[in-house]
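In case you want the letters, here they are:
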Amino acid sequence: MALPFGGVRAERAPASTGRSLHEPEIADHTPADGTGGHALLLHDIPRTAGITAVSAHCLLHTYLGGPTAWRGRAGTLDEDQQRRLAPPGAGPHDGQLDASGRVLTETDRALVAALERDGRTGQADLAAATGWSPATVARRLAALRAAGALFFDVEADDALFGATTQAMLWMTVSPTHLDRVAAALAGHDELAFVAATTGRTNVVAHALCPDPAALHRYLTRRLGGLRAIHTLETAPVLRTVKGAGPLAPATAPRPSPRAARR
């Protein structure tokens, strides 16, 4: 589901040197009222041992990301496979806007909450969670997907697609050229995410490349050719600890019938 985004950049001091070290960014998706991320931003992260500095940024507009996933994954499929995996092609909003013009309504809260817990939840369980019939659940899911209000994502190791080098790119672009530059970046195959943000920098992007040499060529040739980019900060992603999906607690295996009889 499309929700506001808070990008958190933390620094910690390694025990061996005492000098600050930039850590990978943390993406915090919070509800529209903004209250959901307050505890994380104001208490949890700053109080984590070893973190010496935190800066938070608000995502203003997404140019690439979410339903428009990194094209490097789709490049491994032929055109027929890509077509079969594409979301339903219903018209915009499919006539499902509420009286205020919103796609998501109050009655969708239970549906979205169930999918946030587990995006693989079946229609029967979603019907139980919402009180709707399975047919109503199916129609509502199709309408929300067609409107772009809801999409399903699959987390995969991008190294399997040849992207062994990743980096977060924080750029400063003059406001006059920001929309044009960000739209151009959204067309780069090397990028999986592009957005305009608040803060000292105003454009953030996620780059995936085959190796450090390819990242260097991208930074110096493709980005270097965009004169409106005044500054560029590159933060290599060494390891992804947690992706977009929630960390579900491990469940104990069910005892076998033989063990249950003992």
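So, how was this worked out
- Residues numbered from 1 in each chain as written.
- Predicted model: local features only at pLDDT ≥ 70, side-chain atom pairs only at ≥ 80, totals over all residues.
- Heavy atoms only, no water.
- pLDDT = per-residue confidence, 0-100.
- Contact = heavy atoms within 4.5 Å.
- Buried < 20%, exposed > 50% of the residue type's maximum accessible area, 1.4 Å probe, protein only.
- Helix = DSSP H or I, 4+ residues; strand = E, 2+ residues; numbered from the N terminus.
- Pairing = 2+ DSSP bridges.
- Expected span 1.5 Å × (residues − 1).
- Salt bridge = Lys/Arg side-chain N within 4 Å of Asp/Glu carboxyl O.
- Polar contact = N/O pair within 3.5 Å; in protein donor to acceptor, adjacent residues only side chain to side chain.

## Observations regarding the confidence of the model for the protein
Per-residue confidence for the protein gives a mean pLDDT of 77, with 71% of residues at or over 70. Every residue in residues 15-24 scores below 50 in pLDDT, and together they form 19 contacts with partners more than four places removed in sequence or on other chains.

## Observations concerning the pairing of strand S7 (residues 203-209)
Side-chain direction in a regular strand flips from residue to residue, so the side chains alternate between the two faces of the sheet. Counting buried residues in S7 gives seven out of seven residues, a clear majority hidden from the surface. Judged by which residues are buried, S7 turns out to be covered on both faces: Val203, Ala205, Ala207 and Cys209 on one side and Val204, His206 and Leu208 on the other are all buried. Bridge count between strand S6 (residues 191-197) and S7: five bridges; the pairing is antiparallel. When the sheet's bridge partners are listed, Leu191 is paired in S7 with Ala207.

## Looking at helix H6 (residues 134-147)
Over its 14 residues, H6 runs 20 Å from end to end, which matches the ideal 20 Å to within 8%, given 1.5 Å per residue. Within H6, burial applies to Val137, Arg140, Leu141, Ala143, Leu144 and Ala146. Those residues of H6 that are buried are in contact with helix H4 (109-117) and helix H5 (123-130). Following H6 by one or two positions, Gly148 adopts a phi angle in the positive range, close to 80°.

## Considerations on the pattern of salt bridges
Going through the model one piece at a time under the given rule, you end up with six salt bridges. Where Asp80 meets Arg83, a salt bridge forms, and the shortest distance between an N and an O atom there is 2.4 Å. Of this pair, Asp80 and Arg83 both sit in helix H3 (residues 79-85), three residues apart, roughly one helical turn. When its relative accessible area of 36% is taken as the criterion, Asp80 is described as partly exposed. For Glu233, the salt bridge identified is with Arg200, shortest N-O distance 3.6 Å. Highlighted residues: Glu233 in strand S8 (residues 229-237) and Arg200 in the loop between S6 and S7, separated in sequence by 33 residues. Residue classification places Arg200 among the exposed residues on the basis of a relative accessible area of 66%.

## As for the environment of Asp78
By secondary structure assignment, the location of Asp78 is in the loop between helix H2 (71-74) and H3. Residue Asp78 is classed as partly exposed on the basis of its relative accessible area of 42%. Among the polar contacts listed, one links the side chain of Asp78 to the backbone nitrogen of Asp80, at a separation of 3.2 Å. Here the side chain of Asp78 touches Gln81 through a polar contact of 2.7 Å, landing on its backbone nitrogen.

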